[in-house]
Amino acid sequence: APSPGPRNSDLLESERLTMLGNQIGETRGKRLVRRVLSVDPLTAEVSFEDSGQILGTHATGVGTYTSAVRPDGSILGHGQGMTVTDNGDTVIWTGTGLGKFGPNGSISYRGMLFLQTTSSKLAALNNCCAAFEYDVDSSGQTVSKMWEWK
């Protein structure tokens, strides 16, 4: 019998780790500003701030992304931002993700980030792509997680 197709979001943790490496960051924050850029297609710009850790070091960050609702209802987002560790090391990022609307106005994205730093402590980030999960709840609270992509 043919094998079943790939499962969508029900990957076991061990299966996820075969595709992804170690978790390299996790932050929590809040959405600061939303503004509509266009209604055809519906496109919004969002800015946020967050704090958490990157490679085990406490950091704070800011970012801005634009999101366009596609004809099938999915959301295509492109963003950029920066993270600064408590030691003053800076990481800049750009990224692209695909999102979907959830209950009560929540939004969930999955995608890739491309990181860059001049910090010798964080230099490993220059050679990695980071798979991310980014979730915004109905009150604008954010949670973001990143893993190295092998």
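That block above? That's the structure.
Remember, predicted model here, so these are calculated numbers, not experimental data. (Residues numbered from 1 in each chain as written. Predicted model: local features only at pLDDT ≥ 70, side-chain atom pairs only at ≥ 80, totals over all residues. Heavy atoms only, no water.)

On to empty space enclosed by the protein, then. Applying the stated criterion to the full structure yields one cavity of 30 Å³ or more. Space inside the largest cavity adds up to approximately 420 Å³. Lining of the largest cavity is provided by 30 residues; of these, Phe-48, Trp-93, Leu-113, Tyr-134 and Ser-144 occupy positions nearest its centre. Elements that contribute at least two residues to the lining of the largest cavity include exactly strand S1 (20–39), strand S2 (42–54), strand S3 (57–69), strand S4 (75–85), strand S5 (90–101), strand S6 (107–117), strand S7 (129–136) and strand S8 (141–149). Of the residues in the lining of the largest cavity, the class split is 14 nonpolar, 13 polar and three charged. (1 Å grid on protein atoms, 1.4 Å probe; cavity = no way out; pocket = protein on both sides within 12 Å on 5 of 7 lines; lining within 4 Å. Points joined across faces, edges and corners; volume = space filled by probe spheres on them. Helix = DSSP H or I, 4+ residues; strand = E, 2+ residues; numbered from the N terminus. Nonpolar A, V, L, I, M, F, W, Y, C, P; charged D, E, K, R; others polar.)

Bringing the packing of aromatic side chains into the picture now. On inspection of all chains with the given rule, the structure shows six aromatic pairs. Ring centres of Phe-48 and Trp-93 lie 6.3 Å apart, and the angle between their planes is 25 degrees; this geometry places the pair in the stacked category. Of the two residues, Phe-48 sits in strand S2 while Trp-93 sits in strand S5, which places them 45 residues apart along the sequence. The pair formed by Phe-48 and Trp-93 is uniform in burial state, with each residue classed as buried. The interplanar angle of 80 degrees and the centroid separation of 5.7 Å between the aromatic rings of Tyr-65 and Tyr-134 together place this pair among those described as edge-to-face. Of this pair, Tyr-65 sits in strand S3 while Tyr-134 sits in strand S7, and the two are 69 residues apart along the sequence. The same class applies to Tyr-65 and to Tyr-134, which are both buried. Pairwise contacts between aromatic rings join Phe-48, Tyr-65, Trp-93, Tyr-109 and Tyr-134 into one cluster. (Phe/Tyr/Trp six-rings, centres within 6.5 Å; stacked < 30°, edge-to-face > 60°. Buried < 20%, exposed > 50% of the residue type's maximum accessible area, 1.4 Å probe, protein only.)

Let us look at unusual backbone geometry. Going from Asp-40 to Pro-41, the amide bond is cis rather than trans, its omega being 0 degrees. Inspection of the secondary structure assignment puts Pro-41 in the loop between S1 and S2. Positioned with a positive phi, Leu-55 is a non-glycine residue whose angle comes to about 50 degrees. Secondary-structure assignment places Leu-55 in the loop between S2 and S3. Overall, the relative accessible area of 36% leaves Leu-55 in the partly exposed class.

In spatial order, the strands read S1-S2-S3-S4-S5-S6-S7-S8; together these eight strands close into a barrel with antiparallel pairing. Taken over all neighbouring pairs, the strand axes of this sheet differ in orientation by 25 degrees on average, direction set aside. (Pairing = 2+ DSSP bridges. Axes fitted to C-alpha atoms, helices over the stretch in contact; angles between N-to-C directions.)

Okay, the environment of Val-46 next. In this fold, Val-46 is placed in strand S2. Through-space distance from the C-alpha of Val-46 to that of Gly-79 is 9.1 Å; in sequence the pair is 33 residues apart.

Once that is clear, we can look at the layout of surface pockets. Approximately 270 Å³ is the volume attributed to the second largest pocket. Looking at the second largest pocket, it is lined by 16 residues, and the ones nearest its centre are Arg-34, Ala-44, Val-46, Phe-101 and Ile-107. Those elements giving two or more residues to the lining of the second largest pocket turn out to be S1, S2, S3 and S6. Classifying every residue of the lining of the second largest pocket by side-chain character gives 11 nonpolar, two polar and three charged.

Note that all results are geometric; they support no functional claim without further evidence.
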